[in-house]
Amino acid sequence: WIKRLVVVTFDAIAFIVAALLVQTILAEHAAGGFSSELISAAVAATVAVAVIAVGGGYSTIVRFMGPYAPGMLAAASCIAALTWSNLASIDHGALKSPASLLVGVLGFLLVYGVRFGWRHLTIDQRDVTRYRQSVAIYGAGAAGRQLVSALRGDLAYKPAFFVDDNEKLQGLYILGVKVYSPRE
């Protein structure tokens, strides 16, 4: 529960920083001063954390984030940006629409960027590759190469070798993967 608390706290701080940074960059300060800006940012951060929690973002350890994580974090960032924009516009009157876009993008980059970076720093590649299932790929053409690139980013499968009818390719290594004849 301590890891989850740290992640929730970081996410909230990241969204608050994103909102305050955008307000500072655009030099748009609320009539109520810094405390009003901080309240708007804190409410938006609370909404973002709630969206992430409902989306299951805190149910797994950061290094085991699934492929759904970017979409869920993007949705949380958008909802937080809209919340912030609505609250901030009460103090500002007509708030510029790029400001809410900036808050969403910056919030997403801070939260997902740090999670993504942390995930790649903490994964021990030797442990991950030990349990990956080897896959033979039929065809060393463009589609086969694309599949190799995709599999390299996958934690479940790894490209073992190509099988191709083209005799000119047999025996070669393409993207570090050997090409074999179907008869071998």
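As the structure is a prediction and not an experimental result, all values here were calculated from the model.

**Brief notes about the overall build of the protein chain**
Within the protein chain one finds 6 helices and 4 strands. If you list the helices and strands of the protein chain from N to C, you get α-α-α-α-α-β-α-β-β-β. Counting all 184 residues of the protein chain, 35% fall into the buried class. When contacts within the protein chain are restricted to residue pairs at least 6 apart in sequence, long-range pairs at least 24 apart make up 60% of them. Within the structure as shown, the protein chain displays about 10,700 Å² of accessible surface, and the carbon and sulfur contribution to it stands at 67%.

**Considerations on the sheet that holds strand 2 (residues 157-163)**
In a beta sheet, neighbouring strands are held together by backbone hydrogen bonds and run either parallel or antiparallel to one another. Here we have 4 strands laid out as an open sheet, ordered 1-2-4-3, and mixed in their pairing. Of all the strands in the sheet, just strand 1 (133-138) and strand 3 (173-174) have a single pairing partner and so form its edges. Relative to strand 4 (residues 177-180), strand 2 runs parallel, the two being bridged by 2 bridges. The partner of Val163 across the bridge, within strand 4, is Tyr180. Each of strand 1, strand 2, strand 3 and strand 4 touches helix 6 (residues 142-152); the most contacted strand, strand 2, lies at about 160° to it.

**Quick look at the packing of aromatic side chains**
Remark: the centre distance and the inter-plane angle together describe each pair of aromatic rings, the angle taken between the planes. Summed over the entire model, instances satisfying the criterion amount to 2 aromatic pairs. Here Phe108 and Tyr112 contribute two aromatic rings whose centre-to-centre distance is 5.4 Å and whose plane-to-plane angle is 15°, an arrangement assigned as stacked. Note that Phe108 and Tyr112 are positioned in helix 4 (residues 97-122) at a spacing of 4 residues, about one turn of the helix. Since its relative accessible area comes to 18%, Tyr112 is described here as buried. Judged by centre distance (5.4 Å) and plane angle (90°), the rings of Phe161 and Tyr180 are edge-to-face. With Phe161 in strand 2 and Tyr180 in strand 4, the pair connects residues that are 19 residues apart, well separated along the chain. For Tyr180, a relative accessible area of 27% puts it in the partly exposed group.

**Some words on the side chain of Ser181**
Inspection of the secondary structure puts Ser181 in the segment after strand 4. With near-sequence residues (within four places) excluded, Ser181 lies in contact with Val163, Asp164 and Gln170.

**Describing the environment of Tyr180**
Spatially, the C-alpha atom of Tyr180 lies 8.5 Å from that of Asp165, the residues being 15 residues apart in sequence. Among residues more than four places away in sequence, those in contact with Tyr180 are Phe161, Phe162, Val163, Asp164 and Gln170.

**Quick look at the confidence of the model for the protein chain**
Summarising the model, the protein chain shows a mean pLDDT of 77, and 77% of its residues fall at 70 or more. For the protein chain, per-element mean pLDDT is lowest for helix 5 (residues 125-130), which scores 56, and highest for strand 4, which scores 95.

**Focus: the side chain of Asp164**
Considering the arrangement of structural elements, one finds Asp164 in the loop between strand 2 and strand 3. One buried charged side chain, Asp164, makes no salt bridge at all; its nearest oppositely charged neighbour is Arg145, positioned 7.7 Å away. Setting aside residues no more than four positions away along its own chain, Asp164 makes contact with Gly139, Ala140, Gly141, Leu169, Gln170, Val179, Tyr180, Ser181 and Pro182.

**A short note on the pairing of strand 2**
Where strand 1 and strand 2 come together, 6 bridges link them in parallel fashion. Note that in strand 2 the partner of Ala136 across the bridge is Phe161. For the crossover from strand 1 across helix 6 to strand 2, the handedness is right-handed.

Criteria and cut-off values
Residues numbered from 1 in each chain as written. Predicted model: local features only at pLDDT ≥ 70, side-chain atom pairs only at ≥ 80, totals over all residues. Heavy atoms only, no water. Helix = DSSP H or I, 4+ residues; strand = E, 2+ residues; numbered from the N terminus. Buried < 20%, exposed > 50% of the residue type's maximum accessible area, 1.4 Å probe, protein only. Contact = heavy atoms within 4.5 Å. Areas by Shrake-Rupley, 256 points an atom, 1.4 Å probe, with all protein chains shown as cover. Pairing = 2+ DSSP bridges. Axes fitted to C-alpha atoms, helices over the stretch in contact; angles between N-to-C directions. Phe/Tyr/Trp six-rings, centres within 6.5 Å; stacked < 30°, edge-to-face > 60°. pLDDT = per-residue confidence, 0-100. Lys, Arg positive; Asp, Glu negative; His and termini not counted. Salt bridge = Lys/Arg side-chain N within 4 Å of Asp/Glu carboxyl O. Right-handed = clockwise from strand over helix to strand, strands pointing away.

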